[in-house]
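These are the residues of each chain, in order.
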2 protein chains.
Amino acid sequence: MNRVLNTSQFDKLIVQEVAPRDGLQIEPTWVETADKIALINALSTAGFTRIEGGSFVSPKAIPALRDGEAVFQQIERQPGVIYVALIPNLKGAERALASRADELNLVMSASQTHNRANMRMSCESSLVAFGDIVRHVKGSGVLLNGSIATAFGCPFEGKIDEDRVIGIVDTYREMGIEGITLADTTGMANPRQVTRLVTRVLERLPAAALTLHFHNTRGLGLANVLAAYEAGARRFDAALGGLGGCPFAPGASGNICTEDLVNMCDEMGIPTGIDLEKLIALSRGLPALLGHDVPGQLAKAGRNCDLHPVPEYVLQIR
Amino acid sequence: MNRVLNTSQFDKLIVQEVAPRDGLQIEPTWVETADKIALINALSTAGFTRIEGGSFVSPKAIPALRDGEAVFQQIERQPGVIYVALIPNLKGAERALASRADELNLVMSASQTHNRANMRMSCESSLVAFGDIVRHVKGSGVLLNGSIATAFGCPFEGKIDEDRVIGIVDTYREMGIEGITLADTTGMANPRQVTRLVTRVLERLPAAALTLHFHNTRGLGLANVLAAYEAGARRFDAALGGLGGCPFAPGASGNICTEDLVNMCDEMGIPTGIDLEKLIALSRGLPALLGHDVPGQLAKAGRNCDLHPVPEYVLQIR
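Below, the structure is looked at part by part. (Residues numbered from 1 in each chain as written. Chains lettered and ligands numbered in written order. Predicted model: local features only at pLDDT ≥ 70, side-chain atom pairs only at ≥ 80, totals over all residues. Heavy atoms only, no water.)

### Details of the overall build of chain A
- Along chain A, the regular secondary structure elements total 15 helices and 8 strands.
- Each of the three principal axes of chain A carries a C-alpha extent, and together these read 75 × 45 × 40 Å.
- Scored against the burial criterion, the 318 residues of chain A give a buried share of 61%.
- Long-range pairs, those at least 24 residues apart, make up 74% of the contacts in chain A between residues at least 6 apart in sequence.
- Carbon and sulfur atoms make up 51% of the accessible area of chain A, which amounts to about 11,700 Å² in all.
- Averaging the locations of the 30 positively and 35 negatively charged side chains of chain A gives two centres separated by 3 Å. (Helix = DSSP H or I, 4+ residues; strand = E, 2+ residues; numbered from the N terminus. Buried < 20%, exposed > 50% of the residue type's maximum accessible area, 1.4 Å probe, protein only. Contact = heavy atoms within 4.5 Å. Areas by Shrake-Rupley, 256 points an atom, 1.4 Å probe, with all protein chains shown as cover. Lys, Arg positive; Asp, Glu negative; His and termini not counted. Charge placed at Lys NZ, Arg CZ, Asp CG, Glu CD.)

This is the structure in structure tokens:
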């Protein structure tokens, strides 16, 4: 924490909102296309510069996001906001381009077993598919980001060799994928590990090209954000309400919660450009939309500055 | 995080388990005396060196803990474990001494309004009462700890002047209260503030005399622990399952969760001496005891090393 303590002015922390994609994809309740669009439109005016709006995967694989085209075609795009789509293969890339996604996010797991479980193919097959996508997208002006899932641990294989993660970073960059996301898919990262891996990755690419994607599965999400920020990372995924989660940890938290993260930044004096009051109002609407409570804390507790009235009996104590 | 990164061997982090006191005190369900004793006995063999076992306050004020005498008299004391009791006044101290508490924990809020709401008296009246307790306890061999509630913020008053907190630390020490707890009663602390205040306090007393008491009300509990640890603090309160909470933040998390904290330490290589498997088993018994889910994450997610079996379909992918 020494760097934070000694810094009088902080760099901006960029939050990429992922609730419309990573948040909604495991929801059992169908969210109407109009509600998805309304959510993205509201997020677009809350100060985000990046929103992951959906994915173009097989509707059989992720039925909750089967309306990707309609969502991307009908949202009200705000100038300065990059709308990202998650893509598993060339067909998905073609659909995303046709729907005017600004950036394609390609995902492969560092863990061979997790990639087979998640993408139903080997890591090698994923990389071949990515090569096709890069060639297809080249020259279109659409941005490319490569996510490395299970970069901090795999629920099947356990520890992931850091050199393997670094190798994938290098492979992505050599292929022409400029943005890199290190994803802690099932919340296995710890702050010490984060410091080490982020430091190594930032020796290879600028902070503007790196995103950290943490889940709060074991309660360490915001501690990991701080460790990464102090190691030089500046861009973080987060989901409104802390939506998302993992089929292997039922009842545990999902993505780090956007409003909890923005509140931490506000309290510490780290600028984000995001309107926290708007976020809280949006988050408080999620239980009605989804039919269940969400893990985020701030929407329940309120901000520090939302003071409580002094009880009557207190005023009478001398 | 630089200190953590650069340290090859970590100091021990001491966890004081507070579930039997701060955890249970707001539970609406009555927990039988035998169940409280069984919980403390189980915690006593899990590696803790400090357990806050209950409080000796008016049974009208906190009916959930009205059996403090029976609990303290019937627990099986393990050698090397300090059993702490929370005390509001001289009468409570007398009851705690008669029940063989090893340490008395006195509590006053840094916020005048919160002290009136919580203790029903002014800060000045609290200090007078503490003077009586110190005189009564002197020479008995019983340890004294002074907690400063709302040290990082007050739900009624908002920001708390750090100089005021430092002043209370000095007053406690001058009175002969050796141990000091800085309590973030309603989860308003942020890591930057924690670094600053802990650094100042550790200029005045040794780390062995200081405890940090964080709540996870706004999701920042473990990030605050890390900030405090890096600033030199070594002792932390935590509650099994993340029990506890605040009447002003319904639905929000309570104390930082013991098993989530111990898991963070295990993963980072910070020794605690606590048996995490035992903790998880105990935590998983809480919902049946209390009739509701608890906020802790690890008991739901399992440890990183608790791997999941590889699904059958994955084995068939070439």
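### Regarding the pairing of strand 5 (residues 143–149) of chain A
All names here are of chain A.
- Strand 5 sits mainly inside the fold: 6 of its 7 residues count as buried.
- Direction of pairing for strand 4 (residues 103–109) relative to strand 5: parallel, over a ladder of 7 bridges. Opposite Asn-105, over in strand 5, you have Asn-145 as the bridge partner.
- Looking at chain direction, strand 5 and strand 6 (residues 179–184) are connected through 4 bridges and run parallel. Following the sheet pairing, Ile-148 is matched in strand 6 by Leu-182.
- Where the polypeptide runs from strand 5 across helix 8 (residues 162–175) and back to strand 6, its parallel neighbour, the crossover connection is right-handed. (Pairing = 2+ DSSP bridges. Right-handed = clockwise from strand over helix to strand, strands pointing away.)

### Considering the nonpolar core
- If you look at the biggest cluster of nonpolar residues, it comprises 196 residues, and the most contacted ones within it are Leu104(A), Leu182(A), Leu261(A), Leu104(B), Leu182(B) and Leu261(B).
- Setting aside chain neighbours within four positions, we find Leu261(A) in contact with Leu13(A), Val15(A), Leu222(A), Val225(A), Phe236(A), Ala238(A) and Ile256(A). (Core = buried A, V, L, I, M, F, W, Y, C linked by side-chain atoms within 4.5 Å.)

### Some details on the relation of the copies chain A and chain B
- The operation relating chain A to chain B is a screw motion whose rotation component is 180 degrees, with 0.0 Å of axial translation and a residual RMSD of 0.0 Å. The two molecules are tied by a two-fold rotation axis, judged by turn and shift. The C-alpha atom lying nearest the rotation axis in chain A is that of Ala223(A); the distance is 2.1 Å. (Least-squares fit on C-alpha atoms with pLDDT ≥ 70 in both.)

### Points about the pattern of salt bridges
Residues and elements named next belong to chain A.
- Summed over the entire model, instances satisfying the criterion amount to 27 salt bridges over all chains.
- Residue Arg-200 is joined to Glu-162 by a salt bridge in which the shortest nitrogen-to-oxygen separation is 3.9 Å. Here Arg-200 is found in helix 9 (residues 191–201), whereas its partner Glu-162 is found in helix 8, with 38 residues between them in sequence.
- Salt bridges linked by common partners bring Glu-162, Asp-163, Arg-196 and Arg-200 together as one network. (Salt bridge = Lys/Arg side-chain N within 4 Å of Asp/Glu carboxyl O.)

### Quick look at the sheet that holds strand 8 (residues 235–238) of chain A
Residue and element names in this part refer to chain A.
- Here we have 8 strands rolled up into a closed barrel, ordered 1-2-3-4-5-6-7-8, and parallel in their pairing. The average angle at which neighbouring strand axes cross in this sheet is 30 degrees, direction not considered.
- Against the sheet, helix 7 (residues 123–137) contacts strand 3 (82–87), strand 4 and strand 5, and its axis sits at roughly 165 degrees relative to strand 4.
- The strands that helix 11 (residues 258–268) touches are strand 1 (14–17) and strand 8; relative to strand 1, the one it contacts most, it runs at about 170 degrees. (Axes fitted to C-alpha atoms, helices over the stretch in contact; angles between N-to-C directions.)

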